[in-house]
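The lines below spell out each chain.
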Amino acid sequence: MADRVQAILLGDAGAETDAEVPGPLDAARAAELSGKYSDDKGNTLTVQVEGRSVRANIHWAGQGGLVTRAHIGLLDSGRIVLIESSGNTAVLVEQSGPGVTSAVLIGPGRFSRR
């Protein structure tokens, strides 16, 4: 059920699955992504560094408390991905300057730094 709701929220573009197993982000990139983000629908993304692991929790507004719990990793190709049980979803990072993340794009969703 949660996978279906998430597919509706992220759209088909968010269902990209990658067979490659991601590795960890380097410490500087992980620190740069760490923080709280939100989109125009009231959904929030929290990125938190715990050792070499980068956790990502998406709290979906108006969905009865649905939370997507995932990790963020790095493919050998250099692509950043959201890692969850259904596969890997491409993550794009927008920067407002060197080393300053201003937004995180997951599928068609855009989360701006708060």
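Up top is the structure.
Reference entry: report on the structure contained in this document. (Residues numbered from 1 in each chain as written. Predicted model: local features only at pLDDT ≥ 70, side-chain atom pairs only at ≥ 80, totals over all residues. Heavy atoms only, no water.)

### With respect to the overall build of the protein
Secondary structure assignment for the protein yields two helices and eight strands. The order of helices and strands in the protein, counted from the N terminus, is α-α-β-β-β-β-β-β-β-β. Split into buried and exposed, the 114 residues of the protein put 36% on the buried side. Pairs at least 24 residues apart make up 43% of the contacts formed inside the protein by residues separated by at least 6 positions. Here the protein has roughly 6300 Å² of accessible surface; of this, 52% comes from carbon and sulfur atoms. (Helix = DSSP H or I, 4+ residues; strand = E, 2+ residues; numbered from the N terminus. Buried < 20%, exposed > 50% of the residue type's maximum accessible area, 1.4 Å probe, protein only. Contact = heavy atoms within 4.5 Å. Areas by Shrake-Rupley, 256 points an atom, 1.4 Å probe, with all protein chains shown as cover.)

### Structural notes on the nonpolar core
The biggest cluster of nonpolar side chains holds 19 residues, and the ones touching the most others in it are L45, I72, L82 and I106. Broken down by secondary-structure element, the contributors of at least two residues to this core are α2 (27–33), β2 (44–50), β3 (53–59), β4 (67–74), β5 (80–84) and β7 (100–106). Considering each element in turn, this core owes the most residues, three residues, to β3. (Core = buried A, V, L, I, M, F, W, Y, C linked by side-chain atoms within 4.5 Å.)

### Structural notes on the pairing of β3
In this structure, β2 lies alongside β3, joined through seven bridges in antiparallel fashion. Opposite V49, over in β3, you have V54 as the bridge partner. Count of turn residues in the β2/β3 antiparallel hairpin: two residues, of which G51 carries a positive phi of about 70 degrees. For β3 and β4, the ladder comprises five bridges, and the chain directions are antiparallel. Bridge pairing in β4 links A56 to A70. (Pairing = 2+ DSSP bridges.)

### Considering the pattern of salt bridges
Inspection of the entire model under this criterion finds three salt bridges. One salt bridge connects R29 with E32, and the closest N-O pair in it is separated by 3.8 Å. In this pair, R29 and E32 both sit in helix α2, three residues apart, roughly one turn of the helix. For the salt bridge of E50 with R55, the shortest nitrogen-to-oxygen distance reads 3.4 Å. Residue E50 is classed as partly exposed on the basis of its relative accessible area of 37%. (Salt bridge = Lys/Arg side-chain N within 4 Å of Asp/Glu carboxyl O.)

### Remarks on the environment of K41
Within the secondary structure, K41 is located in the loop between β1 (35–38) and β2. According to the relative accessible area criterion, K41 is exposed, its value standing at 62%.

### So, the pairing of β4
Where β4 meets β5, four bridges bridge the pair, whose relative direction is antiparallel. Bridge pairing in β5 links H71 to I83. Between β4 and β5, which follow one another and run antiparallel, lie five residues, and G78 among them has a positive phi close to 95 degrees.

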